[in-house]
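Residues per chain, in single letters:
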Amino acid sequence: VSTQSTGRRFSTKKIMGTSLGVLLALCLPLALLCFNGEDYIDYYPGSSQSNVILTAPHDGWIKLDSIPVRQKGCYDSETGQCDWHHDCSNPKISRKCNAITHADLYSSVIAKQMRETIEEVTGEMPHLVVSKLHRSRLDPNRFRDDAAQYNEQAGQAYDAFHGKIQQVHDALAHQGPAVHFDIHGYTSHNADNWTELGYNIRREDLNAGILDPAVSSIQALAERVENFTSLVSGEESLGKLFQEEGFRTVPSPTYNRPADAEEGRPGKYFRGGYITRKWGSLEGGQIDCVQIEFPQWIRDDSDYYGPKLGRAMAKWVMRHYPKPYVNNQ
């Protein structure tokens, strides 16, 4: 590129650099106009007849400077509520209004491996939605105020993540019963060394043997099965199939409850979070949700363990969410 009027020559690179600088100058004060929340999710479409969706909300890697690090909230003792504004005035109490910011490393990687194996076994490829923002910037497994903490960009990414799930659920709802697996990982109690299946049943209730389908995230499935205990921890359970693939799992026939952990193990357990309650059948509908928590060593070797887990999940899907699967026997 040249200009004859001044005798000066300008390189294309310089002009492009100048244009980029102008663009950035425009975008910085107008960040919301330049930001697209859908750029911060990955969606892997399933086949048209699939009745399975997986989500991975906590394995994002992008840390935008324009989104501040999530902080613990201020606790209001009178209302029992948390204020997630960063300039809130009440005391910030971790045990009441904590903000977990570490990633569930490789949880999206193992989700992809399980997805591919489910397709191999059933003949139908599940849907998968992944959040790309790091958990320190956005936690999609929370209510919006807690998840995005009033940052507009984080809020847009949150809406994109749950909007895509809604889109998939709307499609699945027309096909009959379906299941949503929400994939996570833990490092807080690695001594337990087990896989945790969350049906929105509290740890205390599992330990006490109180299994109420009315409070579970698989309420729709419970209505189609005679024995809910068998579905959660017995012969009809996903835990049994994981166990047959060699994974210590709770609940399962071997470990009915977290209290069944061997001596010296804490017996901790995650029952499922916001996604499990929002997108399961707790409030009605025919789409159930199960949260699956894996210890780090399983996620570290997703290529090996993912297919084993996917095979167990596929068997459970074919048993409880029957469709004319290509490979169903």
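Residues numbered from 1 in each chain as written. Predicted model: local features only at pLDDT ≥ 70, side-chain atom pairs only at ≥ 80, totals over all residues. Heavy atoms only, no water.

Section: the overall build of the chain
Put simply, the rule reads: Only DSSP runs of H or I reaching four residues or more are called helices, and only runs of E reaching two or more are called strands; each is numbered from the N terminus. For each residue, the accessible area found with a 1.4 Å probe, counting protein chains only, is set against the maximum for its type, and the residue is called buried under 20%, exposed over 50%, and partly exposed in between. Residues are treated as being in contact if the distance between any of their heavy atoms lies within 4.5 Å. To measure how exposed things are, a 1.4 Å probe is used in the Shrake-Rupley method; for residues, cover is taken only from the protein chains shown.
Helices and strands together make up the secondary structure of the chain, namely 13 helices and nine strands. A buried classification covers 50% of the 329 residues belonging to the chain. For the chain, the share of sequence-separated contacts (at least 6 apart) that also reach a separation of at least 24 residues comes to 73%. A total accessible area of about 15,700 Å² is found for the chain, and carbon and sulfur atoms account for 50% of it.

Let's talk about the pairing of strand 7 (residues 195-198)
How we decide: A strand pair is defined by DSSP finding two or more bridges across the two strands.
Of the two faces of strand 7, both are covered, the one formed by Thr195 and Leu197 as well as the one formed by Glu196 and Gly198. Where strand 7 meets strand 8 (residues 249-250), two bridges bridge the pair, whose relative direction is parallel. By the bridge assignment for strand 8, Glu196 is matched with Val250. For strand 7 and strand 9 (residues 287-295), the ladder comprises three bridges, and the chain directions are antiparallel. From the neighbouring strand, Leu197 faces strand 9, where its bridge partner is Ile292.

Comments concerning the layout of surface pockets
The condition that has to hold: The pocket and cavity definitions rest on a 1 Å grid over protein atoms only: a 1.4 Å probe that fits but cannot leave marks a cavity, an open set with protein on both sides within 12 Å along at least five of seven lines marks a pocket, and residues lining either have an atom within 4 Å of a point. Grid points are joined across faces, edges and corners, and a volume is the space filled by probe spheres set on the points. Gly is placed with the polar residues, together with every amino acid not listed as nonpolar (Ala, Val, Leu, Ile, Met, Phe, Trp, Tyr, Cys and Pro) or charged (Asp, Glu, Lys and Arg).
Here the largest pocket defines a volume of roughly 870 Å³. In terms of lining, the largest pocket is formed by 29 residues, of which the most central are Ile100, Arg142, Phe270, Gly272 and Gly273. Of all the secondary structure elements, the ones that give two or more residues to the lining of the largest pocket are strand 6 (178-186), helix 7 (203-208), helix 11 (274-279) and strand 9. Of the residues contributing to the lining of the largest pocket, the split by class is six nonpolar, twelve polar and eleven charged.

Some remarks on the state of the cysteines
Using the following cut-off: In this description, a disulfide is simply a cysteine sulfur pair whose atoms lie within 2.5 Å.
Throughout the structure, instances matching the rule amount to two disulfides. Covalently, Cys74 is tied to Cys88 through a disulfide, its sulfur atoms 1.9 Å apart. Between Cys74 and Cys88 the sulfur-sulfur dihedral comes to about 75°; the bridge is accordingly right-handed. Of this pair, Cys74 sits in strand 3 (residues 74-76) while Cys88 sits in the loop between strand 4 (81-83) and helix 3 (94-97); the two residues are 14 residues apart in sequence, bridging distant segments of the chain. The class for Cys74 is buried, based on a relative accessible area of 1%. By relative accessible area, which is 13% here, Cys88 ends up buried. Between the sulfur of Cys82 and that of Cys97 lies a disulfide, 2.0 Å long from S to S. Measuring handedness by torsion sign, the sulfur bridge of Cys82 and Cys97 sits at about -85° and is left-handed. Of the two residues, Cys82 sits in strand 4 while Cys97 sits in helix 3, which places them 15 residues apart along the sequence. Looking at Cys97, the relative accessible area reads 1%, which means it is buried.

Regarding the side chain of Ser136
With respect to the secondary-structure elements, Ser136 resides in the loop between strand 5 (127-131) and helix 5 (144-148). For Ser136, a relative accessible area of 5% corresponds to the buried category. Setting aside residues up to four positions removed in sequence, Ser136 forms contacts with Lys63, Pro68, Val69, Arg70 and Thr101.

Remarks on the side chain of His184
Quick note on the threshold: A 3.5 Å cut-off defines polar contacts: any pair of N or O atoms within that distance qualifies, except that in protein one atom must be a possible hydrogen donor and the other a possible acceptor, and neighbouring residues in sequence count only when both atoms are side-chain atoms.
Here His184 lies in strand 6. Only 3.3 Å separates the side chain of His184 from the side chain of Asp104, close enough to count as a polar contact. Not counting residues up to four positions away in its chain, the partners in contact with His184 are Pro57, His58, Asp104, Ser107, Asn141, Gln291, Ile292, Glu293, Phe294 and Arg299.

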